[in-house]
Amino acid sequence: MSIGVILFVCLIVLLLGGIPIAACIGGAAVVAMLAADLPLLNFASKVYASVNSFTLMAIPFFMLAGSLMATGGMSRRLIRLASALVGWITGGLTHVMILASAFFAALSGSAPATCAAIGGMMIPEMEKKGFPPEFSAGVQCVAGTIGPIIPPSIPMVVYAISAGVSVGEIFAGGFIPGIIFAVCLMIVSGWICKKKGFGMESKTEFDAHEVWVAFKDSIWALLVPVIVLGGIYSGVFTPTEAGAVASVYGLFAGFFIYRELSWKDLKKILMDTAANTSLVLLIIGCAGAFTWVLTIQGIATAIGGWFAAVSSGKIIFMALTILLLLFMGCFMECCASVLMVVPILLPVAQSLGIDPVYFGVIVVMTLSLGMATPPVGEDLYIAASIAGIKFEQEVKYVMPLVGAAILAIAICAALPGLVMFLPNLFYG
């Protein structure tokens, strides 16, 4: 039996066994190394080398910043602004949830953080207004996946490091796709509300004065992406330093501007950030060892060669890639999938003349959707927990919205100019 078959069979068996994803990836790599008679010392060295990166320090900083801003009152103010802007449209609170998720995505860079922060406030409020909890949870589940698309984005940082591209460029590439993603979700969710009659009694009228008041109240939150991304694109600080700046800003705003952050909150935030960072870095480290086995055994080259052989052009290659990533997203965590995909598919993409920044944005968009699809999708369980329902109940509303998200991915994949407009503008 070839080493490649052993590697992937072991990975699938461990995944089906409900083993944590880091252990699945690392365990499969160890078994394959034993089968190939490779020294296990290589496993430790590759895990260390994978996480020994200054740029990866952006991950804990952005995680910390997102938690500080959610707890410190920024998410609540962003919801108020979103409500003033789109709450008057049919299915108003649904659009508020999606727009607020897009706003918060620019603060956190994480799908679970976006789902928990916005869903924790919006799902109970929507239930009060007559929306079925399974519908509210389903919308928030998919809306949360905007988190990794609109910068700053943790999976985009991981992709940039593994692909050797500029973090700033791929951040710029995520803006327009993130907006398209949100608009597609709003159209489909609005159609569902109109068809089912959800939330009709809570419909309000547009109030320009409320928009202005809500904007003034949320200005400190809206300044976060301006400061962070403006600093990156102007060269004032690196993406890693931007994470630190965002954390300090979130701390300052929470304690001294909004005054909703306490020392007790800070202790919990720091502990949660440390735990989440450890998990993400463990996944990255084990994925580094896994991809090393793929490379050293020629497995990545063989799979990439097959993709090149069946792809007669860019369109077919991108279609096959999206299908593969949608499947992977159902079973694997986003960052781990990114690290596995890059060494296999990026060389093929570049050989076809596909820009690595554009390719990275499509990869992250597609894999982030896995957070909303069973059986592994973390957002499914977060939203269901907030709504007090079983995750199976929300799936019937998740699937049409997943379809809307796939449409957004297809639009961006078919029109590379949309993705590359801002990267070319800032870096061209």
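Here's a quick rundown of the structure. (Residues numbered from 1 in each chain as written. Predicted model: local features only at pLDDT ≥ 70, side-chain atom pairs only at ≥ 80, totals over all residues. Heavy atoms only, no water.)

So, the overall build of the chain
Phase 1 of the analysis: For the chain, the helix and strand inventory stands at 20 helices and 0 strands.
Phase 2 of the analysis: The globule rule puts the C-alpha radius of gyration for 428 residues at 22 Å, and the 21 Å found for the chain is close to it.
Phase 3 of the analysis: Here the C-alpha coordinates of the chain stretch approximately 70 × 45 × 45 Å along the principal axes.
Phase 4 of the analysis: Taking all 428 residues of the chain together, the buried fraction comes to 54%.
Phase 5 of the analysis: In the chain, the proportion of contacts linking residues at least 24 apart, taken out of those at least 6 apart, comes to 78%. (Helix = DSSP H or I, 4+ residues; strand = E, 2+ residues; numbered from the N terminus. Rg over C-alpha atoms; globule rule 2.2 N^0.38 Å. Buried < 20%, exposed > 50% of the residue type's maximum accessible area, 1.4 Å probe, protein only. Contact = heavy atoms within 4.5 Å.)

Focus: the nonpolar core
Phase 1 of the analysis: The biggest cluster of nonpolar side chains holds 148 residues, and the ones touching the most others in it are Ile 25 and Phe 359.
Phase 2 of the analysis: Considering each element in turn, this core owes the most residues, 13 residues, to helix H16 (residues 334–351).
Phase 3 of the analysis: Residues within four places of Ile 25 in sequence aside, it is in contact with Leu 11, Ile 283, Cys 286, Ala 287, Phe 290, Met 332 and Ala 336.
Phase 4 of the analysis: In this structure, Leu 64, Leu 68, Phe 255 and Leu 266 belong to the second largest nonpolar core, which totals 6 residues. (Core = buried A, V, L, I, M, F, W, Y, C linked by side-chain atoms within 4.5 Å.)

Considering the packing of aromatic side chains
Phase 1 of the analysis: If you walk through the whole model with that rule in mind, you get 8 aromatic pairs.
Phase 2 of the analysis: Between Phe 8 and Phe 290, the aromatic rings sit 6.0 Å apart at their centres with planes inclined by 75 degrees, giving edge-to-face as the arrangement. Here Phe 8 is found in helix H1 (residues 3–16), whereas its partner Phe 290 is found in helix H13 (residues 263–296), with 282 residues between them in sequence.
Phase 3 of the analysis: Put simply, the rings of Phe 252, Phe 255, Phe 256 and Trp 263 pair up and form one aromatic cluster. (Phe/Tyr/Trp six-rings, centres within 6.5 Å; stacked < 30°, edge-to-face > 60°.)

Regarding the side chain of Ser 189
Phase 1 of the analysis: Note on placement: Ser 189 falls in helix H10 (residues 167–196).
Phase 2 of the analysis: Of the residues examined, Ser 189 reaches a relative accessible area of 0% and is grouped as buried.
Phase 3 of the analysis: Of the polar contacts made by the side chain of Ser 189, one reaches the backbone oxygen of Leu 185; its length is 2.8 Å.
Phase 4 of the analysis: In this view, Ser 189 contacts Thr 94, His 95, Ile 98, Phe 135 and Leu 401; residues no more than four positions away in its chain are not counted. (Polar contact = N/O pair within 3.5 Å; in protein donor to acceptor, adjacent residues only side chain to side chain.)

Examining the packing of H16 against helix H17 (residues 356–368)
Phase 1 of the analysis: The N-to-C vectors of H16 and H17 enclose an angle of 145 degrees; their axes lie 10 Å apart at closest approach. Judged by the twist between their axes, the crossing of H16 over H17 is right-handed. Residues Cys 334, Ser 337, Val 338, Leu 345, Leu 346, Ala 349 and Gln 350 of H16 form the contact with H17, whose participating residues are Pro 356, Phe 359, Val 363, Leu 367 and Ser 368.
Phase 2 of the analysis: Split by residue class, the contact of H16 with H17 holds 9 nonpolar, 3 polar and no charged. (Axes fitted to C-alpha atoms, helices over the stretch in contact; angles between N-to-C directions. Left-handed = near helix turned anticlockwise from the far one by under 90°. Nonpolar A, V, L, I, M, F, W, Y, C, P; charged D, E, K, R; others polar.)

Structural notes on the pattern of salt bridges
Phase 1 of the analysis: Enumeration over the complete set of coordinates arrives at 6 salt bridges.
Phase 2 of the analysis: Here Asp 217 and Arg 77 are joined by a salt bridge, their closest N and O atoms 3.4 Å apart. Pair noted here: Asp 217 is in helix H11 (residues 208–234) and Arg 77 is in helix H5 (residues 74–86), with a separation of 140 residues, a long-range link.
Phase 3 of the analysis: In this structure, Arg 80 engages Asp 217 in a salt bridge whose closest nitrogen and oxygen atoms are separated by 3.7 Å. With Arg 80 in helix H5 and Asp 217 in helix H11, this residue pair connects regions lying 137 residues apart in the sequence. (Salt bridge = Lys/Arg side-chain N within 4 Å of Asp/Glu carboxyl O.)

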